[in-house]
Every structure is written in structure tokens, then in C-alpha cells.
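The primary structure of each chain is shown beneath.
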Amino acid sequence: MKLIYTDVLVIGGGLAGLRAAMGVRRRGLETLVLSLVPAKRSHSVAAQGGMQASLANSVKGAGDNEDVHFQDTVRGSDWGCDQIVARMFTHMAPKAVRELAAWGVPWNRVRKGRHEAVINGERITLTAPDEAHGLITARDFGGTKKWRTCYTSDGTGHAMLYTLGDRAIAEAIPVHERKEALALIHDSGRCHGAVVRDLISGELSAYLARATIMATGGYGRIYGVSTNAVINEGMGQALALETGVARLANLEAIQFHPTAIVPAGILVTEGCRGDGGLLRDADGHRFMPDYEPEKKELASRDVVSRRMAEHMRRGKGVNGSFGKHLWLDITVLGAAHIDKNLREVKDICRYFLGIDPAKAWIPVRPTQHYSMGGIRTDHRGESPWLRGLFACGEASCWDMHGFNRLGGNSVAETVVSGMLVSEYVADFCASAEGNLAISTSLVEDFVSREHGRLSRLLATRGSENAVHLRKRMEQIMIEKVGLFRNGPDLASAIEELRGLLRAARKVGVRCQSRAANPELMLAYRLPRMLKIALSATLGAFQRTESRGAHFREDHTARNDRDWLNRTLYQWANEDDELPTLAYQPLDVASMELPPGFRGYGAKNILEHPATAPRQAAIDKLMQNHERTERHALQEALMPFRHLLPERYRGNNERLSEPLP
């Protein structure tokens, strides 16, 4: 049995994992990163449009600050987020983007003087002041009051991931590539590391650590068509779920991006619409102003996706060889703008569609894109049930997104959560609880168990075909747990997915190799994917309301009275066919921004009884502190800075708010 010791084990080599590894390394701890693929091929590299941070440097970002970003984030979440975490996030985002700039991310910059932009389908002239010249600029994104999405053309994730990858090399952080965690090693409510399989040789090892950080991304590949990379199968969430101790949260909160190309499902960035692109129907009509006259194409992603689907249901979709779709028109931006700021979009259109987006409209439709749910953590990124297990990025439900995330907030969350969680992990390791005390017999038990599972799969000539089972799971999720949901379809999906889980336990493997063996990988991953799919579907079935990206056609109201809570999932026994659900209420009495109307469509809310009293208390406090400086007023409303590491508590600087 091969044992590998480190202070901190990071599972996942994307933006969140690398930034977390750098943070603990800078605190003097040994760390290593496990990655299914070379780190620079992690799914973070696919992020295009940008990351949100309230720098307020661009002309249309003037007046932006953490307060505005916080309000946009909470409203975007449909009041499902943890407002303390949202405050921590919006406070940290400017620090994160500036740190990345210092490390070499080539952010697009403000150019002083006059320049053209397309807003609401019209070409206008904006004039940037001289004092902003050379500062990091921003573009418009959906659901925001200000332009705050910092970007590097449309290759933001690529630039960020390569920069962090280079920093990891410079700081001598080892990245063990082609490694897959098969199980978390734990006992008595304490995580000690993971059993790991080498995907090339098939060898099993035990990686033992004082703290383990899960940063494995989302679970989009439980759907047949997704903008996610093929490695985003939810294995990080499944490993935590299979401990029987850690909880997952909000798995039913799944976002669909409005503009994925048809039929491949590859994303074209929200930056297309942020820069002035338009959505058109089969008649060439720009339809979004008919539904959302204020925000139009730049309404929140969940809203735009539903409006597109509704419009196609009304017979306005374009008939194509792969079903109905709509058009994204960025020809209005001009070839020069596309060549400079939307180069990846141009390449995607050329290689996968055979068109020039400066001349032809892009066929798009809503497609699964992001997972708001994940491993439930506290504000420090740690599981409250399994000490020593931390999570950050899309793998976690740190819960700054609630039931819908704003575009650009996820890329920002990766580095912000990595920055913060690494500090809390280092503090944990410095405490008495952070000592590594584990018997080798326990480790041997976990390694032997995983070895036995693989042996049984290889030895069993099962009656079921894993490929067929997975395809059916993907179809069920698209057809019955998609953009629009209803009770009968969800109930049907649960029963069929349970049948698939039973069948997945009888899968046969023809190739007998323990080394590189895709058939074996699918055989042991499929039951875990089905557990995630079942959990998401059961959570959606039980949640009889519509909130953010979770929309029930048979329960269209947002029900704060009964459902202002977070769904928790536990898989108590290995042979169970369904998770155990519990609910974690959100405390209205402590909210800085009590539940209200998001501003889309008709107001349809069943209000929480504590909302009006909390709003009255806030109104009174604000009247009594009318002349109070905004940071002090915010602390009076909902204190959060004491929860931050001391080094990050200071205010952010802007042109309008210089630091002393």
C-alpha cells in the first residue's frame, strides 16, 4: 500500500483548486494538487466572458461598489443565497482581480477619450475620462446595474488559468495529473484524505492530509447536452455524498445558459449580449423587449433562458435539423469588434458551424451550464459534518449563488473562494484539530474496499450496459428535469432513475485491464452520477415553488413562506436508492437585504412573515444613520468583516473612493 503524506490535499486543478493551493503554500504548508487532466486543461479554461469585481473604472461602471454588487448578487440568487457569504465575496472580488493583474493576467484596459459601443441595438459614443486611462475596464453582463465584468477579450478563463498554472509552478506546488480520487478516507466525523487511482497504471494509493479541499467543478454531464467539459461528472460531490456524513445542498438549482450553439452545445459567451448582441426569432424579430422591456437580452440568465423557451413554445423558433432554436445576432457589433473582443466566439462559429458571426446569425438555445448546488460548507468553506473536508468553487455550496448565479460571478468565485478558504484551511491546520492522527489499518481498510470494488467489476460479467444506462439518464434529465419542471414528470424521472441505479449495480466490464480502461471508469462512475441525478430530481420534486433557475410549471410562485430554505442531501447507506432530505432555513431576521421582487415579469411571491418586520427595522436603522459613512452603515446592518482574515478586511480603492 503506497502512502503519500501532505499538509493539504487539493482535489481539482482548476482556478479554485490552484488558488487554494497557492494560499496554503504561502502560509508555509506543504500542499499538492490532484487533477484528472493536465491542470491547464481544467474546465476553468473554457470561461469566456469575464469575472465580476466592482472596480468602477469604466464609464458605465461609474458609481459601482460592493453595495451595488451585493444587491445584484442577492437579487440574482432570488434570495436563496447566504448573504454573509455574498458580502464576503463582493468585498474580496476587487482584491482578487487586482492580484491576478499583478501576476500577469492581461485584463482589457480603459482607453481615455471617445469610443463606440453598442447598447440596446444602437451604436453610441462613450467618453472615458483621462484619469481612468490604463485601468482595468469592464463589460456589461446580465442582471447587473453596472458594467463590472472584467475581461480579457473572450478568453478570460484561459488567461486566468494559465497565469495561475504558471504561478503554481513558480511556487513549487506539485500537481499530480491523471489521478482520480475514488473515496474520501474518514472516521469519527473527520476527513483524512483520499484513496486515489492512477488513471494510466490503475495503481491505488492513499493520499493522507491534515485538510482536504474539494475543487472538482460541477455535475453538468448528468445531462445529455451541456456546456460543461466531459470531466464534469459530479464525482467530487458524489465522493462527499458517499461518506454518509457530509451533506450536499441545493442540487436542484441548475442553471441553463441562454446561448449555447446548436447542436454541439458549446457556449458562446454572455459577453456577446453584454457587448450589444441581440436575440432574434424565426421572423428575425428581436423578441426579448416584448418580455423584459427594461433589461431585455441582459436580464438574469434564468429569465432569458425561460423567455427563449417560452418564445419557441409559441411557435417562433427556427426549425432546424436538430430541433428548434433561435438566433444570436452579433453582426451589429461589426467585424473589428468581434476580431478584437470575441475571437473565441468567431473560432467556435467557424469550426463548429461553418459561419462568420460578423456576417451570419448564430443558432442558439438554452443548455445546461452551471451547478449552484454542491458540497455544503459554512462561510469558511468547511463541511459542518465532516471536519477537515473543505470545498471551493463550483464543487461547493458555499452559497453565494442561491438558486441562480449572475454571469461573471462564478469565475470570480473560483479565485475569491480559493483565496479565503486557503486562509481558513491554514488556520485549521495550525489548530490542535488540524493534527493528522490516523491508523494505517483504517487507511488499509479504505484502500482494500476500493480495490475490492474494482476487482468485482472486472470479474463480473454483468447483464447491463453502462453506455446505454448513461444515455438514458442523460435523456431523462434533459426531458424531465430541465428548464421547466412539473410534478408528474419529476415523479416519473425519480422512478426511472432508481431503476437505472439498480441496473448500474449490475454492469459488466468486458475489458479486464486495471490500467487505462475507459469502460472500467464508466462502470464505477455511473452509479455516482445517478446518485447526483436522483438527488437533484428528488429535491426538485419536493420543492413546490419556483425560485431562480428552479421553475415549476405547477407551482409558479416563489414561496418564501414555506420554501425560503436550503435543501440538504445525505446518502446514509450505500445500498439506498434515494437520499435523505432535510432543510436549512434562511434567517430573514439577520438579512441585510430582505426578500423582495426581482423585477422580472409579474410579481408572484408568497411572503415570509419575517420580511416586513425586518424591512421596517432596516428602514428605521437607515433613518437613524442617514449621514453615516456607507461602510459603517453596512456593518450596522449586517456585520461580516470580523469573519474575514485580517489581511483582507481593508476597504477597496476606486477613483471615487481613494484610500487615505
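These lines cover the structure that appears in this document, whether it is placed above or below. (Residues numbered from 1 in each chain as written. Predicted model: local features only at pLDDT ≥ 70, side-chain atom pairs only at ≥ 80, totals over all residues. Heavy atoms only, no water.)

**Describing the overall build of the protein**
Scanning the protein from N- to C-terminus turns up 18 helices and 23 strands. Computed over the C-alpha atoms, the radius of gyration of the protein is 24 Å, within 12% of the 26 Å expected from 2.2 N^0.38 for a compact globule of 660 residues. Overall, the C-alpha framework of the protein stretches about 70 × 60 × 50 Å when taken along its three principal axes. Going through the 660 residues of the protein one by one, you find that 62% of them count as buried. A sequence separation of at least 24 residues applies to 73% of the contacts in the protein between residues at least 6 apart. Within the structure as shown, the protein displays about 23900 Å² of accessible surface, and the carbon and sulfur contribution to it stands at 51%. In the protein, the 85 positive side-chain charges and the 77 negative ones have mean positions that sit 2 Å from each other. (Helix = DSSP H or I, 4+ residues; strand = E, 2+ residues; numbered from the N terminus. Rg over C-alpha atoms; globule rule 2.2 N^0.38 Å. Buried < 20%, exposed > 50% of the residue type's maximum accessible area, 1.4 Å probe, protein only. Contact = heavy atoms within 4.5 Å. Areas by Shrake-Rupley, 256 points an atom, 1.4 Å probe, with all protein chains shown as cover. Lys, Arg positive; Asp, Glu negative; His and termini not counted. Charge placed at Lys NZ, Arg CZ, Asp CG, Glu CD.)

**Structural notes on the nonpolar core**
Core analysis: the largest hydrophobic core is formed by 80 residues, its most contacted members being Ile222, Met473 and Leu497. Per element, the largest residue contribution to this core is 14 residues, and it comes from helix 15 (residues 518-542). Once residues lying within four places of it in the same chain are set aside, the contact partners of Ile222 are Met473, Glu474, Met477, Met529, Ile532 and Ala533. One finds Val85, Met92, Val416 and Leu644 within the second-largest nonpolar core, a separate group that totals 56 residues. (Core = buried A, V, L, I, M, F, W, Y, C linked by side-chain atoms within 4.5 Å.)

**Re the pairing of strand 8 (residues 179-187)**
By the criterion of burial, strand 8 is predominantly enclosed, with 8 of the 9 residues buried. Strand direction decides the pairing type here: strand 8 and strand 9 (residues 190-198), joined by 8 bridges, are antiparallel. Residue pairing for strand 9: Leu184 is matched across the bridge by Ala194. Connecting strand 8 to the next strand, strand 9, in antiparallel fashion are 2 residues, including Ser188 with a positive phi near 50°. (Pairing = 2+ DSSP bridges.)

**Points about empty space enclosed by the protein**
In this structure the tally under the stated criterion is 3 cavities of 30 Å³ or more. As a volume, the largest cavity reaches approximately 60 Å³. The wall of the largest cavity is formed by Glu66, Asp67, Arg87, His91, Arg630, His631, Gln634, Phe640 and Arg641. Residue assignment for the lining of the largest cavity shows that the elements contributing at least two residues are helix 2 (66-76), helix 3 (83-103) and helix 18 (630-637). Sort the elements by how many residues they give to the lining of the largest cavity and helix 18 lands first, with 3 residues. (1 Å grid on protein atoms, 1.4 Å probe; cavity = no way out; pocket = protein on both sides within 12 Å on 5 of 7 lines; lining within 4 Å. Points joined across faces, edges and corners; volume = space filled by probe spheres on them.)

**Observations regarding the pattern of salt bridges**
All told, the structure shown has 63 salt bridges when counted by the stated rule. Linking Arg210 and Asp7 is a salt bridge whose minimum nitrogen-to-oxygen distance equals 3.1 Å. Taken together, the residues span a long stretch of sequence, with Arg210 in strand 10 (residues 204-214) and Asp7 in strand 1 (residues 2-11) at a distance of 203 residues. Note on Arg210: relative accessible area 19%, which makes it buried. In this structure, the salt-bridge partner of Arg472 is Glu496, at a minimum N-O distance of 2.6 Å. Pair noted here: Arg472 is in helix 13 (residues 466-480) and Glu496 is in helix 14 (residues 487-504), with a separation of 24 residues, a long-range link. Look at Arg472 and you get partly exposed, because its relative accessible area is 23%. The partly exposed category is assigned to Glu496, whose relative accessible area is 27%. Salt bridges here are not isolated pairs; linked through shared partners, they connect Asp78, Glu252, Asp302, Arg306, Arg543, Glu545, Arg547, Arg558, Asp560 and Arg598. (Salt bridge = Lys/Arg side-chain N within 4 Å of Asp/Glu carboxyl O.)

**A look at the side chain of Arg630**
Considering the arrangement of structural elements, one finds Arg630 in helix 18. Judged by its relative accessible area of 19%, Arg630 is buried.

**Observations concerning unusual backbone geometry**
Cis geometry is adopted by the peptide bond preceding Pro263, which originates at Val262 and carries an omega value of 5°. Relative to the assigned elements, Pro263 resides in the loop between strand 12 (254-261) and helix 6 (271-274). Residue Asn120 is not a glycine yet carries a positive backbone phi of 55°. Topologically, Asn120 is positioned in the loop between strand 4 (113-119) and strand 5 (122-128). The exposure class of Asn120 is partly exposed, given its relative accessible area of 39%. In this structure, Ala172 is a non-glycine residue whose phi angle is positive, near 60°. By the element assignment, Ala172 lies in the loop between helix 4 (156-170) and strand 7 (175-177).

**Thoughts on the packing of helix 13 against helix 14**
Two elements in contact, helix 13 and helix 14, have axes separated by 10 Å at closest approach and are oriented at 170°. As summarised for this structure, helix 13 and helix 14 are arranged roughly antiparallel, according to the angle between their axes. Considering how the two elements wind past one another, helix 13 and helix 14 form a crossing that is left-handed. Here helix 13 contributes Leu469, Arg472, Met473, Ile476, Met477 and Lys480 to the contact with helix 14, which in turn contributes Asp489, Leu490, Ser492, Ala493, Glu496, Leu497, Leu500, Ala503 and Ala504. Class assignment of the residues belonging to the contact of helix 13 with helix 14 gives a composition of 10 nonpolar, 1 polar and 4 charged. (Axes fitted to C-alpha atoms, helices over the stretch in contact; angles between N-to-C directions. Parallel < 35°, antiparallel > 145°, perpendicular 65-115°, else oblique. Left-handed = near helix turned anticlockwise from the far one by under 90°. Nonpolar A, V, L, I, M, F, W, Y, C, P; charged D, E, K, R; others polar.)

**Here's the deal with helix 10 (residues 343-353)**
Of all the positions in helix 10, only Val345, Ile348 and Cys349 are classed as buried. Looking straight down helix 10, one finds that the buried residues subtend no more than 95° of arc, so they occupy a single side. For helix 10, the secondary structure elements touched by its buried residues are strand 12, helix 6 and strand 16 (362-371). Once helix 10 ends, the next one or two residues include Gly354, with phi positive near 70°. (Arc of directions from axis to C-beta.)

**Here's the deal with the sheet that holds strand 21 (residues 565-570)**
Strand order in the open sheet formed by 5 strands is 19-17-11-21-22, and the pairing between neighbours is mixed. Edge positions in the sheet fall to strand 19 (396-397) and strand 22 (580-585), since each of these pairs with one other strand and no more. Where strand 21 and strand 22 come together, 6 bridges link them in antiparallel fashion. Its bridge partner lying in strand 22, Thr567 is registered against Tyr583.

**Some points on the packing of aromatic side chains**
With the rule as written, the count across this model stands at 6 aromatic pairs. Relative to Phe428, the ring of Phe390 lies with its centre 5.6 Å away and its plane at 70°, an arrangement referred to as edge-to-face. Highlighted residues: Phe390 in strand 18 (residues 389-391) and Phe428 in helix 11 (residues 409-430), separated in sequence by 38 residues. For the pair Phe390 and Phe428, a shared accessibility class is recorded, and that class is buried. Ring plane angle 85° and centroid distance 5.7 Å describe the contact between Phe484 and Phe551, whose orientation is recorded as edge-to-face. Taken together, the residues Phe484 in the loop between helix 13 and helix 14 and Phe551 in the loop between helix 15 and strand 20 (558-559) connect sequence positions 67 residues apart. (Phe/Tyr/Trp six-rings, centres within 6.5 Å; stacked < 30°, edge-to-face > 60°.)

**Comments concerning helix 1 (residues 15-26)**
Between the first and last C-alpha of helix 1 there are 17 Å, a value that for 12 residues agrees with the 16 Å anticipated at 1.5 Å per step. By the criterion of burial, helix 1 is predominantly enclosed, with 10 of the 12 residues buried. Of the positions making up helix 1, those classed as buried are Leu15, Ala16, Gly17, Leu18, Arg19, Ala20, Ala21, Met22, Gly23 and Val24. Phi turns positive, to about 90°, at Gly28, one or two residues after helix 1. (Expected span 1.5 Å × (residues − 1).)

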